[in-house]
Structure formats: C-alpha cells, structure tokens
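Structural overview
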Number of protein chains: 2
Amino acid sequence: MSDGPGGSYTRDDLTTPTRSKERAAWDEETVHAILDAGSLCHLGFVRDGAPVVLPTLYARVGNRLYLHGSTGSRPLRGARGEQGLPVCVTVTHLDGLVLAKSAFHHSVNYRSVVAHGTAHQVTDPAELRLALDAIVDQVLPGRSADCRPANAKELAATAVVRLELERVSAKTRTGGVNDEEEDLGLPYWAGVVPVAPAHGTPLPSPHTDAEVPAYLRERPC
Amino acid sequence: MSDGPGGSYTRDDLTTPTRSKERAAWDEETVHAILDAGSLCHLGFVRDGAPVVLPTLYARVGNRLYLHGSTGSRPLRGARGEQGLPVCVTVTHLDGLVLAKSAFHHSVNYRSVVAHGTAHQVTDPAELRLALDAIVDQVLPGRSADCRPANAKELAATAVVRLELERVSAKTRTGGVNDEEEDLGLPYWAGVVPVAPAHGTPLPSPHTDAEVPAYLRERPC
C-alpha cells in the first residue's frame, strides 16, 4: 500500500520484475504519471483456470483505478461478489523504436504500469457517477463537464469496477541504443525513432453546431 | 483452427464476446490486418492462481505468433515444458475518441485481437532466428536485413515463445457517435477525434554515419 503523498507502493516479490530490475520503480509519482498519460488498459483475469486479457478504459482517482465495463460482461460478473475478482491491470505507452546495429539489441522505449489486486464492482450511485465522470475525463480532460450527465437509468446500466492501487510497479526504458563495442563501426543506421499518439482533426457529428471546445483544441498532440 | 487462406478462426464460446457481438469478427483477413498493424501485445498468463499481464513485442508469421521474452523471465519458464503455458495474447489499437452529447455514450474507436492458446518455447535455432527477425521486422518492416544478424551466443540468450493462432477473435468499433434521439439538439460539441501513433524525426546514435534508410524514411506516420 502507498504510504501517502509522495510515497511508494509495496515492493515485494510480486511487484519486482525478474528481468531488468534497474528499469523498475515503485514511487507514486512515476506510477501516477504513467497511468495519467493514458486511458486504455489491458485487464487480465482468470476464467475456468485460463487467462483472459481484454482492453478497456480506466481512470485513476487518487490511489484507485476505476475500470469501465458493462453489465453482463464476463469479468464483471466475478467482481460482483464480496470476494471480488483477482485481476492484473497493465497500462503501456510505446515511446520509441530502438534500432541497434545488431538484431539482438533492438528494443523499444516504453513506460508501463502493472497493478495486481482484487477488483470490486462499484454499486454506490455517487461513486458510480464519480467513476464514470473520471473515465470520461481520463479520455479527454475537461470533457465530463461539457456533456449531459448520466441519468439514473444510464448509471444502472453502467458497470465499473474499482481496484485499489497497492501492489503496483512501473517499468520504463528510455534513452538510446545499447550496442556492443565491437559493433559500433558497422555501417548500419542506428538510433531511436520517437513514437507518440497523435490526434487528427476533430470530426463533428452531423448534429453539432458548437465550436470545437478549448479543452479539445488545446490538447497537445 | 483456421481453414486456410481466406478462412476463419474458430467461433466458439471462448472466442465469442458476451457484449457487442456485432463488433466481433473471426476471419483471417480482419485478424491478420489488426495483428500486422502493431508490434506490442499484452501477454496474459496465470501464476500461483492469479492473472499476470505483461507487455511484450510480437510478430505474426502465417498462423503463428512469436512473442519476445528473455531467458529467466517468468512467463517463459512455464512455456519450456512439453505442456506449455496457457496464455491470452491481446493486441489493441486505439483509433479515435468518440465524444457523445451524453456522458453515457462516450466511447472509443478501436481494433483489437484476442488470441487464446498454449505457448511453447522455441528451441530450434533456425526457427529462433526466423522468429527474432520477424519480431524486428514487425517493429519496422525491412529492418532485419539492415543490421547484424544474431550470432549463436545471442540466439542462445534470446527466448521466444510460439502461439498457434486457432482460438482467435477480433473486435472493432468504427464510425461516429451513437447519441440518443432526444439528445441530438443539446448544445455540446459531439464527434470523433481520430488517434494514431505518429513517428517523430529519427534520432541517430553517435556512431551512425549512414543516411536514414528508405524503409524508415518512407514509413507512414
């Protein structure tokens, strides 16, 4: 569990990678920054003994993740009971292609967070509304205040699960190529190609007369 | 199992989503196009009864996926035995933010593939070399022919697992906003913001005199 603002998540066997430990981090600042930079996660759970990994939207609120689902979806059925559903939630940003002189040293730059824990379905209407707004704002900050809020029927049809951030780690690769000394003179191009998601021109629906809002126009891309 | 070129993957309970079935597809063309558009997957497996999801690089070669790992990494230990390791491999591309008039109808456009099966470690040196080259080319097509090939020692230090594509499905959301009829007149901006990964200017390593190669220069981004 985090020990407060500026603190760290639990560093134990589960949250310590077996490889490239020097790329791992457990501090809240690093973990939260990676989570806050995305809106799509991969949710893993076990069904009939076998792993299942599904993409879904999430939001971070303090030391919690809210994951979007819908009533009837497989993962959420398990999260309804008191016991909850053991999950692993992973968020990854691809930041660059690392092209080395040798095939072996090719790599990618990335930032990832892996969170282990037990997910529970959100049933309280106030928390459900907060979670739904947070998920909308995670996709596009400022958006939840500029659309029609969910009504009672819509809230009842929205399934969200909560995961406390406790057993969490980050892993990051940054920087340049790690070539072997004896390969440095080889004539191949080596270096890093930066990668980042870019937003195209917003395409208004046929029923939109409004100007493109500032929170959308000013979004970095 | 796929029934050959232009065929379909198995459509059964495991590969049929419980939600939004109309967005699902099982044909090879759709599945392969989604897999070929990426290089980063999320690999799920079960350890001590709990789910684990890790990001890794992959390549598709025909009806197989090769997943990159490294000797000693947790998932691959389980893939070494004859029984192999039950896995779920998911690839997701975020294509757009769908901003509706109502919070409830906010969504994202995406393409995803979910593959269930048993992963086995690649031990044959020729297959290992093929897989490593394929993974390099998946990150950047044409690259494996323009770097130093792996030597025997490097191949021995590279762990790759193989997953036959058999129980596989694709899921896609495309298009515009699905608003409620009664919300269409609301004054909020609604529409779709396209999203796609973009490549920045290649940053050469200090040991690179070569020109930026054509396969990198001409890459769409």
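Residues numbered from 1 in each chain as written. Chains lettered and ligands numbered in written order. Predicted model: local features only at pLDDT ≥ 70, side-chain atom pairs only at ≥ 80, totals over all residues. Heavy atoms only, no water.

Within an unreviewed UniProt entry, the label attached to chain A reads Pyridoxamine 5'-phosphate oxidase family protein, and the organism entered is Kitasatospora saccharophila.

1. Some thoughts on the overall build of chain A
Operational definition: By definition, any uninterrupted DSSP run of H or I lasting at least four residues is a helix, any uninterrupted run of E lasting at least two residues is a strand, and each is numbered from the N terminus. Throughout, exposure labels follow a simple rule: accessible area from a 1.4 Å probe, protein chains only, divided by the maximum for the residue type, with under 20% read as buried, over 50% as exposed, and the rest as partly exposed. Residues count as neighbours in contact if any of their non-hydrogen atoms are within 4.5 Å of one another. The Shrake-Rupley method, run with a 1.4 Å probe sphere, supplies the accessible areas, and residue values consider only the shown protein chains as cover. Only four residue types enter the tally: Lys and Arg on the positive side, Asp and Glu on the negative side; His and the chain ends are excluded. Charged side chains are reduced to one point each, which is NZ for Lys, CZ for Arg, CG for Asp and CD for Glu.
The helix and strand inventory of chain A stands at five helices and 10 strands. Along the first, second and third principal axes, the C-alpha atoms of chain A reach 65 × 50 × 35 Å. In chain A, which comprises 221 residues, the proportion classed as buried is 52%. Looking at chain A alone, contacts between residues at least 24 apart form 70% of all its contacts between residues at least 6 apart. If you sum the accessible surface of chain A, you get close to 9,800 Å²; carbon and sulfur atoms cover 52% of it. The distance from the centre of the 22 positive side-chain charges to the centre of the 27 negative ones in chain A is 6 Å.

2. A few points about the interface of chain A and chain B
What counts here: Accessible area that two parts lose when put together, evaluated with a 1.4 Å probe and summed over both, is termed the buried area. Salt bridges are counted wherever a side-chain nitrogen of Lys or Arg sits within 4 Å of a carboxyl oxygen of Asp or Glu. Here a polar contact is taken to be a pair of N or O atoms separated by no more than 3.5 Å, where protein atoms must pair a possible hydrogen donor with a possible acceptor and residues adjacent in sequence count only if both atoms sit in side chains.
Counting from both sides, the interface comprises 84 residues of chain A and, opposite them, 84 residues of chain B. Interface area for chain A against chain B, summed over the two sides, is near 7,000 Å², with a carbon-plus-sulfur share of 66%. Among the ionic pairs, Arg 148 of chain B bridges to Asp 183 of chain A, the shortest N-O distance being 2.8 Å. Summed over the shared surface of chain A and chain B, the number is 29 residue pairs in polar contact (both at pLDDT 80 or more). Sorting elements by how many residues they give to the side of chain A that touches chain B places strand S9 (residues 191-199) of chain A first, with nine residues.

3. What to know about helix H3 (residues 125-139) of chain B
Formally: Expected helix span is computed as 1.5 Å times (number of residues minus one).
The first and last C-alpha atoms of H3 of chain B sit 21 Å apart over 15 residues, in line with the 21 Å expected at 1.5 Å per residue. Where H3 of chain B is concerned, the buried positions are Glu 127, Leu 128, Ala 131, Leu 132, Ala 134, Ile 135, Val 136, Gln 138 and Val 139 of chain B.

4. Description of the pattern of salt bridges
Residues and elements named next belong to chain A. Using the criterion set out here, one finds 18 salt bridges over all chains in the structure. As a salt-bridge pair, Asp 12 and Arg 167 come within 2.4 Å of each other at their nearest N and O atoms. In this pair, Asp 12 sits in the segment before strand S1 (24-25) while Arg 167 sits in strand S8 (residues 167-173), placing the two residues 155 residues apart along the sequence. What makes Arg 167 partly exposed here is its relative accessible area of 34%. Notably, a salt bridge pairs Arg 162 with Glu 127, separated by 2.8 Å at the nearest N-O pair. On the criterion of sequence distance, the pair formed by Arg 162 in strand S7 (residues 158-164) and Glu 127 in helix H3 (residues 125-139) is long-range, its members being 35 residues apart. In this structure Glu 127 comes out as buried when scored by relative accessible area, which is 15%. What you see here is one network of salt bridges that share partners, running through Arg 64, Glu 127, Arg 162 and Glu 164.

5. Digging into the relation of the copies chain A and chain B
Quick note on the threshold: When the copies are superposed, the least-squares fit draws on C-alpha atoms of residues that have pLDDT of at least 70 in both.
When chain A is fitted to chain B, the best match, at an RMSD of 0.0 Å, comes from turning it 180 degrees and sliding it 0.0 Å along the axis. The superposition operator between the copies reduces to a two-fold rotation axis. Looking at the rotation axis and the C-alpha trace of chain A, the residue lying nearest is Pro 197 of chain A, at 2.0 Å. Most of the interface of chain A is mirrored in chain B, where 99% of its interface residues are also at the interface.

6. Here we look at the pairing of strand S2 (residues 40-47) of chain A
All names here are of chain A. Heads up, the rule is: Only strands joined by at least two bridges in the DSSP assignment are considered to pair.
Counting buried positions along S2 yields six of eight residues, so the element is predominantly enclosed. Across eight bridges, S2 lies against strand S3 (residues 50-61) in antiparallel orientation. Counterpart to Leu 40 in the pairing with S3 is Leu 57. Here S2 folds back onto S3, and the loop between the two strands holds two residues, one of which, Asp 48, carries a positive phi near 50 degrees. Bridge analysis of S2 against strand S5 (residues 85-99) gives three bridges, and the strand direction is antiparallel. The residue bridging Gly 44 from the neighbouring strand is Cys 88, located in S5.

7. Some thoughts on the layout of surface pockets
Going by this rule: Think of a 1 Å grid over just the protein atoms. A cavity is a set of points where a 1.4 Å probe fits yet cannot get out, a pocket is an open set with protein on both sides within 12 Å along at least five of seven lines, and lining residues have an atom within 4 Å of a point. Grid points are joined across faces, edges and corners, and a volume is the space filled by probe spheres set on the points. Residue classes follow a fixed rule: Ala, Val, Leu, Ile, Met, Phe, Trp, Tyr, Cys and Pro count as nonpolar, while Asp, Glu, Lys and Arg count as charged, and any other residue, Gly among them, counts as polar.
Considering only enclosed or pocket space, the largest pocket measures out at about 1,400 Å³ in volume. Secondary-structure elements contributing two or more residues to the lining of the largest pocket are S2, S5, H3 and S9 of chain A together with strand S2 (40-47), strand S5 (85-99), H3 and strand S9 (191-199) of chain B. Its residues assigned to classes, the lining of the largest pocket comprises 23 nonpolar, 16 polar and 11 charged.

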